[in-house]
Amino acid sequence: MMESPLKRKFHDGFGERDEETHQSPDWKVRFVPTLFSPLLANIALNGIERIGEFKRNGKDNSICVRYADDLIFFLKPQDNANELLNKVKEFLAKRGMEISEKKTKLTRATDGFDFLGWHFKVQNNGKFRSTPSEDNFKAFRKKVKDIVNSSNLKLELKVDKLSRIIRGWRQYHKYCKMDGSRFSLWHMNHRTLKVFNQGKNTNKHKAIELIKTAFPAVPYSENKFVNVKGDKSPFDGDLVYWAKRKNRQYDGMTAKLLKKQDFECGRCGLKFISEQRIHLHHKDGQHDNWKPSNLIVMHESCHDLEHHKHSHKR
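Because the structure is predicted, anything quoted here is derived from the model rather than measured.

A. Fine view of the environment of Asp79. Checked against the element boundaries, Asp79 lands in the loop between β5 (70-73) and α2 (81-93). Asp79 gets classed as partly exposed once you look at its relative accessible area, which sits at 34%. With 27 residues separating them along the chain, Asp79 and Gly52 place their C-alpha atoms 9.3 Å apart. There is a polar contact of 2.7 Å between the side chain of Asp79 and the backbone nitrogen of Lys76.

B. Spotlight on the environment of Arg95. Along the chain, the position of Arg95 falls in the loop between α2 and β6 (105-106). In the structure, Arg95 is positioned 51 residues away from Ala44 in sequence and 7.1 Å away in space, judged by C-alpha atoms. When residues no more than four places from it in sequence are discounted, the contact partners of Arg95 are Ala44 and Asn46. At a separation of 2.8 Å, a polar atom in the side chain of Arg95 contacts the main-chain carbonyl oxygen of Phe91.

C. Broad picture of the environment of Pro219. Here Pro219 lies in the loop between α7 (204-214) and α8 (239-246). Residue Pro219 is classed as exposed on the basis of its relative accessible area, which comes to 63%. Each C-alpha atom of the pair Pro219 and His173 lies 10.0 Å from the other, and the pair is 46 residues apart in sequence.

D. Structural context of the nonpolar core. Of all hydrophobic cores here, the largest spans 26 residues; its most connected members are Phe140, Leu162, Leu185 and Phe196. Broken down by secondary-structure element, the contributors of at least two residues to this core are β7 (113-115), β8 (118-122), α3 (134-149), α4 (155-172), α6 (186-197) and α7. Not counting residues up to four positions away in its chain, the partners in contact with Leu185 are Phe137, Phe140, Ile166, Trp169, Arg170 and Phe215. One finds Ile51, Phe73, Leu92 and Ile99 within the second-largest nonpolar core, a separate group that totals 15 residues.

Here is what the cut-offs are and how they apply
Residues numbered from 1 in each chain as written. Predicted model: local features only at pLDDT ≥ 70, side-chain atom pairs only at ≥ 80, totals over all residues. Heavy atoms only, no water. Helix = DSSP H or I, 4+ residues; strand = E, 2+ residues; numbered from the N terminus. Buried < 20%, exposed > 50% of the residue type's maximum accessible area, 1.4 Å probe, protein only. Polar contact = N/O pair within 3.5 Å; in protein donor to acceptor, adjacent residues only side chain to side chain. Contact = heavy atoms within 4.5 Å. Core = buried A, V, L, I, M, F, W, Y, C linked by side-chain atoms within 4.5 Å.

This is the structure in structure tokens:
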């Protein structure tokens, strides 16, 4: 298996960084990533995943997995890694790019490898395992530690910031192996509880309740990610497929209502395919009335408009 990030020289015109620590000799500021970065990478590298393709049952199969300019090629024992690497170099040279040699490596899947914040490994028994990578966990732990130890933040603000970071991190890794004291965040949780308990006007009971909010639970299911079906694309017009796929992240009453409403917003009637969050709406305005007949799901913006309309009526 071969993995390789690319040198990002083709982004320079947009203020993109060339290397992680590169500073322009002409500009007085450090290059920073821009919103153009993933888009430009996808445009420039379109087609690189076809290198090394093979046919199975009459269909083309790629050995490459790519996200923007980070890519991995999965090789068989009989494959020639140097030959594949030369093809990749030729592909990039035509576009004025080159591979970052110091970050390109050949490794066995049984030795494990990092990709996009995850650590993947095929165990000796043949079972595939994924966990958050060491670098990813260290960066996450530092963010949490900085917030917990900050003397400039009020306790309520700490809880709010922690809940956002921890929910996001757990959501990102929800298809990894997340049990055990480390990735379940037991030690981090326990230490934060001690800090919260030392705060003014805070007793043990209140500290425990704050911890529950600061460390929101996100269910995980190792290796249960469902691949995109066939050659489906978000731009193919199949709104039903993408709405169903996007909304698998919801459970409980929200999931039931999504299915009941055929994945359509209860206010505007459009499919839930955007990045907007989905909100539960109580028809009678009584938030303690949880009867299914009193609930519908809406886009976040539609929910805001609905409440705005009712506030004007009052």
